[in-house]
Amino acid sequence: FNIFGNLFEQVAKFRAGRGLWAKIMKEQYGAESPGSMWLRMIAAGGGGGLTFEQPEVNIVRGAYYALISALSGTQTMALCSYDEAYTIPTEYSARISLRTMQLLIEEMGLTETVDPLGGSFYVETLTNQMRQKMEEIMAEVDAQGGIVKLVSEGAIQSKVSAQAYKMQRDIESGKFRKVGGNCYRDEQEEEHPVETLVTFEFRDTKAGTDIVLTQTGFEDASAAKGHEEGWASALARATTVSSICGV
């Protein structure tokens, strides 16, 4: 599950999901063991919530994503790296993410209690509202033939795409505030300290040669190191996905 946005809303979302899962397992499927009613989930702060601008701010943003994950009662936590908005995370940035999670465990005391926000009027109200909305959407999906049918028809994908488009428009318009992105910008933004953003290495099965392509930041995407073609064109010439991935 993705973590994005307001801390209290995100915690309420996961709390609502866990409660609804337990209710469904018990009432609809007759589960008796408490363990079978646990929603075993991974809550992660994805790169989609990060900003390309002022990437160091993403370190702070990621720490709050990790806090949300812990407060929501997740079984597994994954955390985006601060440079994930514009490149594959480096070993350095991945280590910062790891240390962030370890800091929450060792220094912040988050493992000393269960559901620390439980009982808060605000959080409980949000949780109930979230659960009610989830049940309404699930009933709507069932009334239209079920999730498998709607996925096969592309209806679910359309709703997800529409929501993603709305979110992007809200960010671009400033309605949804992103610090360093659409508000609190510096007059002169510094370039990212990482020059090489994406590197592709694969074997061209048609030409029988190995190709190393590098797309560098702020340059024309068609410029490719080690090959006269652009990287997209060269990738298209590879015959199979396995040849691209080196499998």
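Check the entry above for the structure.
Everything numeric in this text was worked out from a predicted model, so none of it was measured. (Residues numbered from 1 in each chain as written. Predicted model: local features only at pLDDT ≥ 70, side-chain atom pairs only at ≥ 80, totals over all residues. Heavy atoms only, no water.)

Enquirer: Can you walk me through empty space enclosed by the protein in this structure?
Expert: Where empty space is left becomes clear once a probe the size of a water molecule has been rolled over the atoms. One pass over the full model with this rule turns up one cavity of 30 Å³ or more. The space that makes up the largest cavity amounts to roughly 50 Å³. Lining of the largest cavity is provided by Asn 58, Ile 59, Gly 62, Ala 63, Leu 79, Cys 80, Ser 81, Tyr 82, Ile 96, Ser 97 and Thr 100. For the lining of the largest cavity, the secondary structure elements donating two or more residues are helix H2 (57–71) and helix H3 (91–106). By residue number, the principal contributor to the lining of the largest cavity is H2, which donates four residues. Taken together, the residues of the lining of the largest cavity break down into six nonpolar, five polar and no charged. (1 Å grid on protein atoms, 1.4 Å probe; cavity = no way out; pocket = protein on both sides within 12 Å on 5 of 7 lines; lining within 4 Å. Points joined across faces, edges and corners; volume = space filled by probe spheres on them. Helix = DSSP H or I, 4+ residues; strand = E, 2+ residues; numbered from the N terminus. Nonpolar A, V, L, I, M, F, W, Y, C, P; charged D, E, K, R; others polar.)

Enquirer: Got a minute to help me understand helix H4 (residues 121–143) in this structure?
Expert: Along an α-helix, a turn takes 3.6 residues, which lines up residues three or four apart on a common side. In this model H4 runs 33 Å from its N-terminal to its C-terminal C-alpha over 23 residues, within 8% of the 33 Å that 1.5 Å per residue would give. Here H4 has its buried residues at Val 123, Leu 126, Thr 127 and Val 141. Once H4 finishes, Gly 145 follows within two positions and takes phi at roughly 115°, a positive value. (Expected span 1.5 Å × (residues − 1). Buried < 20%, exposed > 50% of the residue type's maximum accessible area, 1.4 Å probe, protein only.)

Enquirer: Looking at this model, I keep getting lost on the sheet that holds strand S3 (residues 76–79). Mind explaining?
Expert: One key point about sheets: their strands pair by backbone hydrogen bonds, in either a parallel or an antiparallel sense. As summarised here, the arrangement of the three strands in space is S1-S2-S3, forming an open sheet in which the pairing is parallel. The open sheet is flanked by strand S1 (2–3) and S3, the only strands paired with a single partner. In this sheet, strand S2 (residues 42–45) lies alongside S1 in parallel orientation, the contact comprising two bridges. Following the sheet pairing, Asn 2 is matched in S2 by Ala 44. (Pairing = 2+ DSSP bridges.)

Enquirer: Looking at this model, I keep getting lost on the layout of surface pockets. Mind explaining?
Expert: The space that makes up the second largest pocket amounts to roughly 340 Å³. In this structure, the second largest pocket is lined by 17 residues; those nearest its centre are Ala 70, Gly 73, Thr 74, Leu 110 and Thr 111. The dominant element in the lining of the second largest pocket, judged by the number of residues it contributes, is H3, at three residues. Here the lining of the second largest pocket is built from residues that sort into eight nonpolar, seven polar and two charged.

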